[in-house]
Amino acid sequence: MKIKRLLSLFVILLGMVTNKMEAQEESALKVFQLNTWINGSRVEGGKEGLLAAIEQLKPDVVLLCELASNETALTRYLQKELEAKGQKWYIDGLQKGCGILSKYKLLDIQIDTAIKERPLVKAHIVVNGCKIAIYSAHLDHRFYAPYLSRGYSDSKWGEKITPITDENLILEENRKSTRNEGIDAFIADAAKELQNGNAVILGGDFNEPSHLDWQADTKNTFGRNGVVVNWEVSGKLQKAGYTDAYRRMYPNPVTHPAITWPAGNISAKLQSLFFCPEADERDRIDFIYYSDNKGIKLENVAVVGPAASVEKGRIVSDKSFKDAIITPQAVWLSDHKGNLAVFTINRQ
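Note that the coordinates shown come from a computational prediction; the quantities given were computed from them, not determined experimentally. (Residues numbered from 1 in each chain as written. Predicted model: local features only at pLDDT ≥ 70, side-chain atom pairs only at ≥ 80, totals over all residues. Heavy atoms only, no water.)

Draft legend 1. Representation of the overall build of the protein in the model. Broken down by element type, the protein carries eight helices and 15 strands. The C-alpha radius of gyration computed for the protein amounts to 22 Å, which stays within 12% of the reference 20 Å derived for 348 residues, consistent with globular compactness. Projected onto its principal axes, the C-alpha positions of the protein cover 85 × 45 × 40 Å. The 348 residues of the protein split such that 52% are buried. Across the protein, the fraction of contacts at a sequence separation of at least 24, relative to all contacts at a separation of at least 6, is 73%. Just so you have it, the protein exposes about 15,500 Å², and 52% of that area is on carbon and sulfur atoms. Each charge sign in the protein was given a centre, from 44 positive and 43 negative side chains, and these centres are 6 Å apart. (Helix = DSSP H or I, 4+ residues; strand = E, 2+ residues; numbered from the N terminus. Rg over C-alpha atoms; globule rule 2.2 N^0.38 Å. Buried < 20%, exposed > 50% of the residue type's maximum accessible area, 1.4 Å probe, protein only. Contact = heavy atoms within 4.5 Å. Areas by Shrake-Rupley, 256 points an atom, 1.4 Å probe, with all protein chains shown as cover. Lys, Arg positive; Asp, Glu negative; His and termini not counted. Charge placed at Lys NZ, Arg CZ, Asp CG, Glu CD.)

As structure tokens, then:
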């Protein structure tokens, strides 16, 4: 009997040790992405609202875009305020249009100089022994082709036109922007990271929808006039092996459209939230992508922002959809919604 009891005790202790070791072999990484709408300046209390959102979400990495390039950069403000609350954060310090805020020390901070129009900001972090290249992006806003099928110009925003429903014509116009060149430069740079065995995370405002959201099942939604468009930025990322975090978790764009622009922000002036008053401009143009390698696994993802969007010049609820939405507890600073992705990083 004593031997059996000792064996039972040994099994229990072995299980406890194994569970503890397994817990030490993986770490959670929470990544928050957001367009700040001109440094949080368009909404009264916008900077404070972003600070509150960070405290609410408790991310480990924050990828921001539409930052002002000056000595009072938003990331510096956030770093200082969080430090006053006893939290240690690192920033890229480049004071460019994109920025990175991280609880992990930022290594090898750089700008991707191959992208002339809105270059990406890049840095490395090390999580649980895994080196991760993180990129903050804001792709070219010009020639916003999703407007074309909705009967509005893609370059003279707000000007009505005859709807364009030919996918080839839409893509031809779309290529006048530098979005393809921007994502090509990212893919080329990130390929080196993958070759070195590093994981890759990309977040930002792409100013272009995903091809996953504009197929036959959604062609008659959101004022698209029956158009299917294989948007090229998302197609390039998919072909290169990158995963759209939200679509991995919620693959159905009918039930989970995950609209990120325009956000139904009641703290902003309504007229500033849209460009085409008679169109349904709603789309998902803000993303987090990641490489499915180096022990990085997606655990959860959500849209962050008001549970409302803008349709034909009025704020409408998003509650008819099934999206995972985390609503802000304080003032929302942006005309966009962001994304929060939670990853597990396993030690290799």
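Draft legend 2. Quick look at the nonpolar core. In terms of nonpolar packing, the biggest core is built from 31 residues, with L29, I132, I201 and F343 touching the most fellow members. Take this core: its biggest share by element is five residues, from strand β11 (residues 296-304). With residues up to four places along the chain from it excluded, the contact list for I201 reads L29, V31, I132, A133, I134, Y135, I288, Y289, Y290, I296 and F343. L57, V62, L64 and I91 belong to the second largest nonpolar core, which has 21 residues in total. (Core = buried A, V, L, I, M, F, W, Y, C linked by side-chain atoms within 4.5 Å.)

Draft legend 3. Representation of unusual backbone geometry in the model. A cis amide bond, omega -5°, links W261 with the succeeding residue P262. Looking at the element boundaries, P262 is found in the loop between α8 (245-249) and β10 (286-291). One non-glycine residue, F143, lies in the positive phi region at around 55°. Checked against the element boundaries, F143 lands in the loop between β7 (130-138) and α5 (167-174). By relative accessible area, which is 22% here, F143 ends up partly exposed.

Draft legend 4. Fine view of the pairing of strand β6 (residues 121-127). Counting buried positions along β6 yields six of seven residues, so the element is predominantly enclosed. Strand direction decides the pairing type here: β6 and β7, joined by seven bridges, are antiparallel. Of the residues in β7, the one forming a bridge with V126 is K131. Linking β6 back to β7 in an antiparallel pair, the connection comprises two residues, with N128 at a positive phi of about 55°. (Pairing = 2+ DSSP bridges.)

Draft legend 5. Spotlight on the pairing of β7. With eight of nine residues buried, β7 lies mostly within the body of the structure. Pairing of β7 with strand β8 (residues 199-205) involves seven bridges; the strand directions are parallel. Within the sheet, the bridge partner assigned to Y135 lies in β8 and is L202.

Draft legend 6. Looking closely at helix α3 (residues 46-57). An ideal rise of 1.5 Å per residue puts 16 Å on 12 residues; α3 measures up with 16 Å between its terminal C-alpha atoms. Every buried residue of α3 is accounted for by G46, G49, L50, L51, A53, I54 and L57. One or two steps after α3, the chain reaches K58, where phi turns positive at roughly 55°. (Expected span 1.5 Å × (residues − 1).)

Draft legend 7. Looking closely at α5. Residues I170, L171, E173 and N174 constitute the buried set of α5. Buried residues in α5, looked at end-on, bunch into an arc of 160°, giving them a common side. As for α5, its buried residues are in contact with α6 (179-195) and α7 (232-239). (Arc of directions from axis to C-beta.)

Draft legend 8. Region of interest: the sheet that holds β7. Read across the sheet, six strands follow the order β5-β6-β7-β8-β10-β9 without closing on themselves; strand pairing throughout is mixed. Bordering the open sheet on either side are β5 (107-111) and β9 (242-244), each of which pairs with just one other strand. Strand after strand, the sheet turns through a mean of 20° between neighbouring axes, direction not considered. As defined by bridge partners, β9 adjoins β10 across three bridges and the pair is classed as antiparallel. Across the sheet, residue D244 finds its bridge partner in β10, namely Y289. Here α6 sits on the sheet and contacts β6, β7, β8, β9 and β10; the angle it forms with β8, its principal contact strand, is near 160°. (Axes fitted to C-alpha atoms, helices over the stretch in contact; angles between N-to-C directions.)

Draft legend 9. Highlighting the pattern of salt bridges. With the rule as written, the count across this model stands at 20 salt bridges. For D213, the salt bridge is made with R284, and the minimal N-O distance between the two is 2.8 Å. Here the residue D213 occupies a position in the loop between β8 and α7, and R284 occupies one in the loop between α8 and β10, the gap between them amounting to 71 residues. For the pair shown, D213 and R284 are each scored as buried. When the shortest N-O distance is used, the salt bridge between D318 and K337 registers 2.3 Å. With D318 in the loop between β13 (314-317) and β14 (325-326) and K337 in the loop between β14 and β15 (338-346), this pair connects stretches of sequence that are 19 residues apart. Like D318, the residue K337 is buried in the burial classification. A cluster of three or more residues bridged by salt bridges with shared partners is formed by D213, D244, R247 and R284. (Salt bridge = Lys/Arg side-chain N within 4 Å of Asp/Glu carboxyl O.)

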